[in-house]
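Residue-level structure breakdown
Residues per chain, in single letters:
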Amino acid sequence: MDREQLMEFISEEYSVYGDYPWMKSPNYVVYRHRSNRKWFAIIMDISESKLGLEGERIIDILNIKCDPLLVNSLLYEKGFYPAYHMNKKNWITVILDGVVDDDTIKWLIDMSYESTRKNKVKK
């Protein structure tokens, strides 16, 4: 799944549109809940080196919130990396280069959406 397909999927599936909060990074798009404004997905373009890869080629990535146990498991799979510029315990980065299949990406976005959907009540 590439950037455009992913953006179309998120907009259609969750009835939200991305916003572009950073003027210095005009290709970074954030998807948030309308009700609580919490982020559930971020699409960015970064250089490979920012993920610890060799090279400076610009690649599209997706950051999503994820259960910490799943984060640890996914890091052993191709296409997954510690979250770029986010909490590495609760977020993960997926490279949008076709290595991770579309169904897995959709499943992870849905998990992120659900985990950020409701406000948690503090006691």
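What comes next is a walk through the structure. Fair warning: this is a prediction, and the values are worked out from it, not measured in the lab.

Parameters and conventions
- Residues numbered from 1 in each chain as written.
- Predicted model: local features only at pLDDT ≥ 70, side-chain atom pairs only at ≥ 80, totals over all residues.
- Heavy atoms only, no water.
- Pairing = 2+ DSSP bridges.
- Helix = DSSP H or I, 4+ residues; strand = E, 2+ residues; numbered from the N terminus.
- Axes fitted to C-alpha atoms, helices over the stretch in contact; angles between N-to-C directions.
- Contact = heavy atoms within 4.5 Å.
- Buried < 20%, exposed > 50% of the residue type's maximum accessible area, 1.4 Å probe, protein only.
- Expected span 1.5 Å × (residues − 1).
- Arc of directions from axis to C-beta.
- Polar contact = N/O pair within 3.5 Å; in protein donor to acceptor, adjacent residues only side chain to side chain.
- Core = buried A, V, L, I, M, F, W, Y, C linked by side-chain atoms within 4.5 Å.

The next point concerns the sheet that holds strand S2 (residues 39-47). Across the sheet, five strands lie side by side as S1-S2-S3-S5-S4; this open sheet has antiparallel pairing. The open sheet terminates on both sides in strands that have one partner only, identified here as strand S1 (29-32) and strand S4 (80-82). Averaged over all pairs of adjacent strands, the angle between strand axes in this sheet comes to 25°, irrespective of strand direction. Of the strands in this sheet, S1, S2 and strand S3 (58-65) touch helix H1 (residues 3-14), which is tilted by about 170° from S2. Helix-sheet contacts for helix H3 (residues 102-117) involve S2, S3, S4 and strand S5 (91-95), and the interaxial angle to S3 is about 45°.

Side chains Val29 and Tyr31 project from S1 onto one buried face, and the interleaved Val30 and Arg32 project onto a second face that is buried too. In this structure, S1 lies alongside S2, joined through four bridges in antiparallel fashion. Note on S2: the bridge partner recorded for Tyr31 is Ala41. Between S1 and S2, which pair antiparallel one after the other, the connecting turn spans six residues, and Arg37 there sits at a positive phi close to 65°.

Bringing the pairing of S5 into the picture now. Of all five residues in S5, five are buried, a share of seventy percent or more. Where burial is concerned, the two faces of S5 agree: the one with Trp91, Thr93 and Ile95 and the one with Ile92 and Val94 are both buried. The pairing of S4 with S5 spans three bridges and is antiparallel. By the bridge assignment for S5, Phe80 is matched with Val94.

Right, let's get into the environment of Val30. With respect to the helices, strands and loops of the structure, Val30 is situated in strand S1. Separated by 15 residues in sequence, Val30 and Ser15 have C-alpha atoms that sit 14 Å apart. Setting aside residues no more than four positions away along its own chain, Val30 makes contact with Tyr17, Gly18, Asp19, Pro21, Trp22, Trp39, Ala41 and Ile42.

Turning next to H3. A rise of 1.5 Å per residue sets the reference length of H3, with its 16 residues, at 22 Å; its end C-alpha atoms lie 22 Å apart and thus fit the reference within 8%. Those residues of H3 that sit buried are Ile105, Leu108, Ile109, Ser112, Tyr113 and Thr116. Angular distribution of buried residues about the axis of H3 spans 140°; they occupy a single face of the element. Against the buried residues of H3 lie H1, S2, S3, helix H2 (68-74), S4 and S5. Here H3 starts with a cap whose side-chain oxygen sits 3.2 Å from the backbone nitrogen of Asp103, and that cap is Asp101.

Our next topic: the environment of Ser47. Within the secondary structure, Ser47 is located in strand S2. Put simply, Ser47 and Asp102 are 55 residues apart on the chain and 22 Å apart in space, counted from C-alpha to C-alpha. Once residues lying within four places of it in the same chain are set aside, the contact partners of Ser47 are Glu56, Arg57 and Ile58. At a separation of 3.1 Å, a polar atom in the side chain of Ser47 contacts the side chain of Ser49.

Turning to the nonpolar core, a few remarks are in order. The nonpolar side chains of a soluble globular protein tend to be buried, and buried together. Within the largest apolar cluster, 27 residues are counted, with the highest numbers of intra-cluster contacts made by Ile10, Leu62 and Ile109. When residues of this core are traced back to their parent elements, those giving at least two are H1, S1, S2, S3, H2, S5 and H3. Ranked by residue count, the leading element in this core is H1, at five residues.

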